[in-house]
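Overview (structure and organization)
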Amino acid sequence: LFAASALFSGAALGVGDDARMARSLRHSGVIMPLEHFIERARRIHPGTLIDAGLRYEGEHHGYVYEIFLLDARGEVWELEFDAETGELIERERKEP
C-alpha cells in the first residue's frame with residue numbers, strides 16, 4: 001500500500017524511488033510511520049482506508065501524509081498530518 005501510494009509533489013520519481021525515499025526518511029527519523037497516521041485518522045474519523053500518500057509540502061516546509069477514508073455514509077474524507085510532528089493539519093470532506 002505505502003509503496004503504491006507514496007507521492008512526492010514536484011518530483012518525477014518512479015514508485016520504487018518514492019518507496020526508497022520514504023523508507024529512508026522514516027529510518028532516519030525525519031518522518032513518523034504511515035501506520036501511526038492511518039490509526040490516528042481512523043480514530044478521528046472512522047472509515048475504510050481508500051488511499052494514503054506522502055508528499056513534500058512547501059507551505060508547511062515539510063512532509064505531509066494524506067489519508068483518505070470512506071465512512072459508513074459513503075462520504076470520502078481527507079485528513080492531512082504533518083509527517084514530522086504528527087499535527088493534524090486539515091480534515092475535509094471531499095465532494096463527489
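Below, the structure is looked at part by part.

1. Concerning the pattern of salt bridges
Enumeration according to the criterion identifies 10 salt bridges in this entry. Residue Arg55 is joined to Glu80 by a salt bridge in which the shortest nitrogen-to-oxygen separation is 3.0 Å. Placement of Arg55 in strand 1 (residues 48-57) and of Glu80 in strand 3 (residues 76-82) is noted, with a sequence separation of 25 residues between them. Across the pair, exposure class does not vary: Arg55 and Glu80 are buried alike. Asp71 is the partner of Arg73 in a salt bridge, and the nearest nitrogen-oxygen pair spans 4.0 Å.

2. A word on the packing of aromatic side chains
Within this structure, the stated rule accounts for three aromatic pairs. Pairing Phe37 with Phe81 gives two aromatic rings, centres 5.3 Å apart and planes at 50°, and the pair type is tilted. Taken as a pair, Phe37 in helix 3 (residues 34-44) and Phe81 in strand 3 lie far apart in primary sequence, 44 residues in all. Like Phe37, the residue Phe81 is buried in the burial classification. Taken together, the aromatic side chains of Phe37, Tyr65 and Phe81 make up a single cluster linked through ring pairs.

3. What to know about the environment of Leu88
Note that Leu88 resides in strand 4 (residues 88-94). Through-space distance from the C-alpha of Leu88 to that of Arg40 is 9.4 Å; in sequence the pair is 48 residues apart. Once you skip the residues sitting within four places of it in the chain, Leu88 turns out to touch Arg40, Ile44, Leu79, Glu80 and Phe81.

4. Some points on the nonpolar core
Membership of the largest hydrophobic core comes to 18 residues, with the highest contact counts inside it found for Ile31, Leu54, Tyr65 and Ile67. Elements supplying a minimum of two residues to this core: helix 2 (15-27), helix 3, strand 1, strand 2 (62-70) and strand 3.

5. A look at the environment of Leu69
For Leu69, the location among the structural elements is in strand 2. On the basis of relative accessible area, Leu69 is assigned to the buried category, the value being 0%. Residues Leu69 and Gly47 lie 22 residues apart in sequence; the distance between their C-alpha atoms is 5.3 Å. Beyond its immediate sequence surroundings of up to four residues, Leu69 is in contact with Ala41, Arg42, His45, Gly47, Thr48, Leu49, Ile50, Glu75, Val76, Trp77 and Leu79.

Cut-offs and rules
- Residues numbered from 1 in each chain as written.
- Predicted model: local features only at pLDDT ≥ 70, side-chain atom pairs only at ≥ 80, totals over all residues.
- Heavy atoms only, no water.
- Salt bridge = Lys/Arg side-chain N within 4 Å of Asp/Glu carboxyl O.
- Helix = DSSP H or I, 4+ residues; strand = E, 2+ residues; numbered from the N terminus.
- Buried < 20%, exposed > 50% of the residue type's maximum accessible area, 1.4 Å probe, protein only.
- Phe/Tyr/Trp six-rings, centres within 6.5 Å; stacked < 30°, edge-to-face > 60°.
- Contact = heavy atoms within 4.5 Å.
- Core = buried A, V, L, I, M, F, W, Y, C linked by side-chain atoms within 4.5 Å.

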